[in-house]
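# Summary of the model geometry
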Amino acid sequence: MGSLSPMLIVGAAVIVLGEILHIVGLATNGWVTGKSGKVDFEVGLWEFCVGSTCYDLDSDINSQLWKKIDTEVEATRAMVILGMLCGLVGAAAVVVMAVFAILDKAANSLMPIVCLGATAAAFVFIIIGVIIFGAKTYEDEFKKSDYDLDYSFALCIVGGILLPIGGAIVMFMGGAKN
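Rules used in this analysis
Residues numbered from 1 in each chain as written. Predicted model: local features only at pLDDT ≥ 70, side-chain atom pairs only at ≥ 80, totals over all residues. Heavy atoms only, no water. pLDDT = per-residue confidence, 0-100. Helix = DSSP H or I, 4+ residues; strand = E, 2+ residues; numbered from the N terminus. Pairing = 2+ DSSP bridges. Buried < 20%, exposed > 50% of the residue type's maximum accessible area, 1.4 Å probe, protein only. Phe/Tyr/Trp six-rings, centres within 6.5 Å; stacked < 30°, edge-to-face > 60°.

### Notes on the confidence of the model for the protein chain
Per-residue confidence for the protein chain gives a mean pLDDT of 85; residues scoring 70 or more make up 85%. Least confident of the elements in the protein chain is strand 5 (residues 147-149), whose mean pLDDT is 78; most confident is helix 1 (residues 6-27), at 95.

If you want it as C-alpha cells, here you go:
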C-alpha cells in the first residue's frame, strides 16, 4: 500500500471546501436580501421569498421585475452551474490521484494538470456568473430599493476562489509523493 502526499490531502480538502461553499451559495436564497416596509425579502437563483412564503422564479413569478432580470438570472445560473461541474471534475481528478497513490501505482502525469485546469475553469465560470448577477441584476433593479447582496453571493465567490487555490496546491505541491 502506498501513501498520500500531505499536500495532496490539503489540496483535496481545499477543493472540497470550495465546492461545498459554492454549492451552498448556489442553492440558497440569500443572493439579495432586503426589507420593504415590515416585510423581509430574499432572492436566490431559484426562489423569491417574501416573509416566510417562497415562490419559484420559473413558474410562480410573473412580475415586471422578473421579466426584466430573467435573462440575467438564467445566465448567472448557467455560469455558476458550469463552475460547479468544473469543480467536480477537479475533485474527481484528485480522487483518481489519491486512489493511484494508495495503490502505489503511477497516476497519469496529466491528472494534476486536469485538476488545476478544471478548478481554474470553475473559478472563471463562477466569477463570470457573479459579475453578471452583480453588475446587471443587482445594479439595475435591486439597487433602487433597500436591498443588499448577501451570503449566497459571497459563498459562491469564496468557493470559486478556493477551487483554483486547491488545484494549484495539488498541481505544484501534491502531485508527487514526498
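On we go.
### Considerations on the pairing of strand 3 (residues 47-50)
Looking at chain direction, strand 2 (residues 39-43) and strand 3 are connected through 3 bridges and run antiparallel. Looking at the pairing, Phe41 lines up with Val50 of strand 3. Relative to strand 4 (residues 53-56), strand 3 runs antiparallel, the two sharing 4 bridges. Bridging across to strand 4, Cys49 finds its partner in Cys54.

### Quick word on unusual backbone geometry
The phi torsion at Asp104 lies on the positive side, around 60°, for a residue other than glycine. Overall, Asp104 belongs to the partly exposed group, its relative accessible area being 48%.

### Examining the packing of aromatic side chains
Counted according to the given criterion, the structure contains 4 aromatic pairs. Centre to centre, the rings of Trp31 and Phe133 are 5.0 Å apart; their planes meet at 65°, and the pair counts as edge-to-face. Taken together, the residues span a long stretch of sequence, with Trp31 in the loop between helix 1 and strand 1 (32-36) and Phe133 in helix 3 (residues 111-142) at a distance of 102 residues. Of the residues examined, Trp31 reaches a relative accessible area of 0% and is grouped as buried.

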